[in-house]
Every structure is written in C-alpha cells, then in structure tokens.
Amino acid sequence: MCGIAGIRRFDGAPVDPGVLRAMTSRLVHRGPDAEGYWIDGPIGFGHRRLSIIDLSGSVQPMESADSSCHITFNGEILNYGTLRQRVAYPYRTHGDTETILACYMAQGEAVFGDLEGQFAFALHDARDNSLLLARDRMGILPLYYYVDSKMFAFASEIKALFAYPGIPRELDPQALDQFFTFWTALSPRTMFKGVRMLSPWTRVE
C-alpha cells in the first residue's frame, strides 16, 4: 500500500509545493518508507511509499527514460515480469512502476488492459500534455478526485484532498440519501459534495 496525490491547474498557475506536500503528508500512514514529489509548472505529483518490490530503487514519482512521462503509482502489478520481457526499454529499476511506464511508452493506453493486480495511478504525458488516472478491475485500491474550473486534484484518501485550500467540506445530500437506502454512497459519488471516487476498472483523462 502506498499513497498518491496530485494537482493539475487549468489556469496556468504553478502548483504550490506547500499544498502538494500537505496533501501528501496526510497519506504518511499508507507509505512510511519514503516520500517524493514532482512539479512541472501547473502539474504536480506526490507519493508516499511502502517499499515492497525493488526496495532500494523505484523512487516515485518516476519519470520515463526520455523524461516525457511521469507516474505516481499505488499497487502491485502481478504480471510485471512478463510485461517487462515484452518491451524493449532501457530499464533502470527492477520494479513494477517502471514496467507501467515502459509499456505505456510502447503501446499507449492499451497498457491499461494488460495490467493484472491491484493499482491506482496517475500518469502525465508531456508529449500531448495529457493526464491519465486509472484504477484496477475490482477497485481494491482507492482513488478520489475533485475538479472545478481552476484545477483538478486527486488522492488516495479524501482527507488528503481537504488539504487543498478551497475544496469544500460539505455533505452531499444525495449521497446521504443513498447511504440510508443502500448503506453506502454509490460510486462515483462520495459523502462529500464535489468529491468523486474513480470507479473500478475506470480511467479518466
């Protein structure tokens, strides 16, 4: 288990490192072994790591060999060894995070269907300035997001989103109604207005 967080601003303003650090710090219990940050103008990723595979390597957020793509990843890809063998890539680590990057560089978003395991990740591609968020088939690992006219923010837990100034902590009455009917808010809705959960086996761009 790790913790991921990130911000993308639509107004061109640079990501505030202090805000990104505050969001990520609320996930320390998910990743006590290390923390990392990557910011490039209006986009930034944070990561809290629980080291499981490639203990001394695979520092995150991680960039591709040509520095065009960056990823912040939570999870475990069970078939990463097989996937690594399919792609000719200048691997610098022995973990599954770089395997996702390598496969994405080779086949684009089609990599999403090849991943077996539990995962939630965000990947930025500077070649077309796209941001991809994805979650595993069963929805084992969580990923939440908030979007308005100025920015898009995501995190492994809702409380990390609330470290971003201006995100309202308001109860969603429709979610409350769903809770009393179904004993849960129905995805993608959460108990907080404007905060959404990325549904299992879903990606957003």
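Summary of the structure given here. Per chain, residue numbering runs from 1 following the sequence as it is written. For this predicted model, a pLDDT threshold of at least 70 governs which residues receive local features, and a threshold of 80 or more governs which side-chain atom pairs are given and counted, while totals over whole chains, interfaces and linings are taken from all residues. Calculation of side-chain values draws on the structure's entire complement of heavy atoms; hydrogens and water are dropped beforehand.

### A closer look at the overall build of the protein
Then step 1. Each helix is a run of H or I in the DSSP string that is no shorter than four residues. Each strand is a run of E no shorter than two, and both are numbered from the N terminus. Within the protein one finds five helices and eleven strands.
Then step 2. Taken over C-alpha atoms, the radius of gyration is set against a globule rule of 2.2 Å times the number of residues to the power 0.38. On C-alpha atoms alone, the protein measures out to a radius of gyration of 17 Å, which is about the 17 Å that the 2.2 N^0.38 rule sets for 205 residues.
Then step 3. Buried residues in the protein amount to 49% of all 205 residues.
Then step 4. Shrake-Rupley sampling with a 1.4 Å probe provides the accessible areas, and residues are treated as covered by the protein chains on show and by no other component. Summed over all atoms, the accessible surface of the protein reaches about 9500 Å², with 54% contributed by carbon and sulfur. Only protein chains enter the accessibility calculation, which uses a 1.4 Å probe; a residue whose area is less than 20% of its type maximum is buried, one above 50% is exposed, and one in between is partly exposed.

### Brief notes about the pairing of strand β6 (residues 117-125)
Then step 1. β6 sits mainly inside the fold: seven of its nine residues count as buried.
Then step 2. For strand β5 (residues 69-77) and β6, the ladder comprises nine bridges, and the chain directions are antiparallel. Paired with I77 across the strands is G117, a residue of β6.
Then step 3. One requirement defines pairing of two strands: DSSP has to find at least two bridges between them. Two strands pair when backbone bridges link them, and β6 and strand β7 (residues 130-135) are joined in this way by six bridges, in the antiparallel orientation. For L123, the partnering residue across the bridge sits in β7 and is L132.
Then step 4. The turn linking β6 back onto β7 is made up of four residues, and N129 within it adopts a positive phi angle of 60°.

### Structural notes on helix α3 (residues 96-107)
Then step 1. The span you would expect from a helix comes to 1.5 Å times its residue count less one. For α3, which comprises twelve residues, the first-to-last C-alpha distance of 16 Å matches the rise-based estimate of 16 Å (1.5 Å per residue) to within 8%.
Then step 2. The buried fraction of α3 is high, at nine of twelve residues.
Then step 3. Looking only at α3, the buried set comprises D96, T97, E98, T99, I100, L101, A102, C103 and Y104.
Then step 4. The inward-facing, buried residues of α3 abut β4 (62-63), β5, α2 (80-86), β6 and β7.
Then step 5. Immediately beyond the C-terminal end of α3, within one or two residues, lies G108, with a positive phi of roughly 65°. Residue contacts are counted whenever heavy atoms from the two residues lie within 4.5 Å of one another.

### Notes on a nonpolar patch on the surface
Then step 1. Taken together, F179, F180 and W183 make up a surface patch of nonpolar side chains, about 410 Å² in accessible area.
Then step 2. When you line up the elements, F179 lands in helix α5 (residues 173-182). The patch calculation keeps residues exceeding 30% relative accessible area without a salt bridge and links them within 9 Å when they carry like charges or within 5 Å when they are nonpolar (Val, Leu, Ile, Met, Phe, Trp, Tyr). Should a side-chain nitrogen of Lys or Arg be within 4 Å of a carboxyl oxygen of Asp or Glu, the pair is scored as a salt bridge.

### Brief notes about the nonpolar core
Then step 1. For this analysis, a nonpolar core means a set of buried residues of the types Ala, Val, Leu, Ile, Met, Phe, Trp, Tyr and Cys, connected via side-chain atoms within 4.5 Å. I71, L115, F119 and F121 are the most contacted members of the largest nonpolar core, which totals 21 residues.
Then step 2. Breaking this core down by element, the ones donating at least two residues are β5, α3, β6 and β7.
Then step 3. Element by element, the count of residues in this core is highest for α3, at five residues.
Then step 4. Leaving out residues up to four positions away in the same chain, I71 has contacts with F45, Q60, P61, M62, T97, I100, L101, F121, A122 and L123.
Then step 5. If you look at the next biggest cluster of nonpolar residues, it comprises 20 residues, including M23, L27, M151 and L161.

### Observations regarding the pattern of salt bridges
Then step 1. Throughout the structure, instances matching the rule amount to ten salt bridges.
Then step 2. For R92, the salt bridge goes to E98, with nearest N and O atoms at 3.6 Å.
Then step 3. Classification of R92 as partly exposed rests on a relative accessible area of 49%.
Then step 4. A residue is classified by how much of its surface remains accessible, and E98, at 0% relative accessible area, is buried.
Then step 5. Here R189 and D172 are joined by a salt bridge, their closest N and O atoms 2.7 Å apart. With a gap of 17 residues between them, R189 in the loop between α5 and β10 (195-197) and D172 in the loop between α4 (158-161) and α5 connect regions that are remote in the sequence. For the pair shown, R189 and D172 are each scored as buried.
Then step 6. In the salt-bridge network here, residues are joined through shared partners; they are R21, E35 and R48.

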